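# Structural overview for review
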Amino acid sequence: MPYLAKALGDVEDIQLQAHQIVCSMCIRNPGAIVPFAESFVEPLKKTVNKKVKDDGAERIQEWIKSGLRATLALSHLDGIMTCQAFSTFFKDTQKNTSLFNFFAQLKEER
């Protein structure tokens, strides 16, 4: 899991792959993810709090959505909210008004 945490903080294309791996692991082997939740917080926080600029805005928005998708997948795991760092991050993310539209889009996907 340390490699996955490192990949979440890597360059954009690696991060997108890591987000997909996190989502898959949440379904296939959730017990392996929960103990490492704290190591995922900082890289996910950096991704979802990216500033969207006019130049390449669509790509950055997809990157943010990918990070939020992984965050939402993690939030559904039993015991994940016992990790104080993740719990605080998730609550702060939900309160962030700039992410409201992204959350709405992700709920439509389901």
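Notes on the structure follow. (Residues numbered from 1 in each chain as written. Predicted model: local features only at pLDDT ≥ 70, side-chain atom pairs only at ≥ 80, totals over all residues. Heavy atoms only, no water.)

## Points about the overall build of the protein
- Across its full length, the protein holds 7 helices and 0 strands.
- Going from the N terminus to the C terminus, the protein shows its helices and strands as α-α-α-α-α-α-α.
- The C-alpha radius of gyration of the protein comes to 13 Å, within 12% of the 13 Å expected for a compact globule of 110 residues.
- By its C-alpha atoms, the protein is 40 × 25 × 25 Å across when sized along the principal axes.
- Here the protein holds 110 residues, and the buried ones make up 41% of them.
- Long-range pairs, those at least 24 residues apart, make up 64% of the contacts in the protein between residues at least 6 apart in sequence.
- In the form shown here, the protein has an accessible surface area of approximately 6800 Å², with 52% of it arising from carbon and sulfur atoms. (Helix = DSSP H or I, 4+ residues; strand = E, 2+ residues; numbered from the N terminus. Rg over C-alpha atoms; globule rule 2.2 N^0.38 Å. Buried < 20%, exposed > 50% of the residue type's maximum accessible area, 1.4 Å probe, protein only. Contact = heavy atoms within 4.5 Å. Areas by Shrake-Rupley, 256 points an atom, 1.4 Å probe, with all protein chains shown as cover.)

## Quick word on the packing of helix α4 (residues 37-48) against helix α6 (residues 84-95)
- Look at α4 against α6: their axes get within 8 Å of each other, and the N-to-C directions meet at 25°. On the basis of their axis angle, the class for α4 and α6 is roughly parallel. With respect to the hand of their crossing, α4 and α6 are arranged in left-handed fashion. Facing Ala 37, Glu 38, Val 41, Leu 44, Lys 45 and Val 48 of α4, the residues of α6 in contact are Ala 85, Phe 86, Phe 89 and Thr 93. (Axes fitted to C-alpha atoms, helices over the stretch in contact; angles between N-to-C directions. Parallel < 35°, antiparallel > 145°, perpendicular 65-115°, else oblique. Left-handed = near helix turned anticlockwise from the far one by under 90°.)

## Some remarks on the nonpolar core
- If you look at the biggest cluster of nonpolar residues, it comprises 31 residues, and the most contacted ones within it are Val 22, Phe 40, Leu 44, Leu 68, Leu 74, Phe 86 and Leu 99.
- Counting residues per element, the ones that place at least two in this core are α1 (2-8), α2 (12-28), α4, α5 (57-75), α6 and α7 (100-109).
- No other element matches the 7 residues that α5 contributes to this core.
- The contact partners of Leu 44, leaving out residues within four places of it in the chain, are Leu 8, His 19, Gly 67, Ala 70, Thr 71, Leu 74 and Phe 89. (Core = buried A, V, L, I, M, F, W, Y, C linked by side-chain atoms within 4.5 Å.)

## So, the packing of aromatic side chains
- According to the stated counting rule, one finds 2 aromatic pairs in the structure shown.
- Here the aromatic rings of Phe 86 and Phe 90 are separated by 6.1 Å at their centres, their planes lie at 10°, and the arrangement is stacked. You can see Phe 86 and its partner Phe 90 sitting in helix α6, 4 residues apart, about one turn around the helix.
- Judged by relative accessible area, Phe 86 falls into the buried class, the value being 0%.
- Aromatic rings pair up to connect Phe 86, Phe 89 and Phe 90 into one cluster. (Phe/Tyr/Trp six-rings, centres within 6.5 Å; stacked < 30°, edge-to-face > 60°.)

## Section: α2
- Spanning 17 residues, α2 covers 24 Å between terminal C-alpha atoms, matching the ideal 24 Å at 1.5 Å per step.
- Within α2, the full set of buried residues consists of Glu 12, Gln 15, Ala 18, His 19, Val 22, Cys 23 and Cys 26. Seen from one end, α2 has its buried residues packed into an arc of 140°, which puts them on one side. More than 90 degrees from the buried face of α2, the exposed residues found are Ile 27 and Arg 28.
- Looking at the packing, one finds that the buried side of α2 touches α1, α3 (30-33), α4 and α5. (Expected span 1.5 Å × (residues − 1). Arc of directions from axis to C-beta.)

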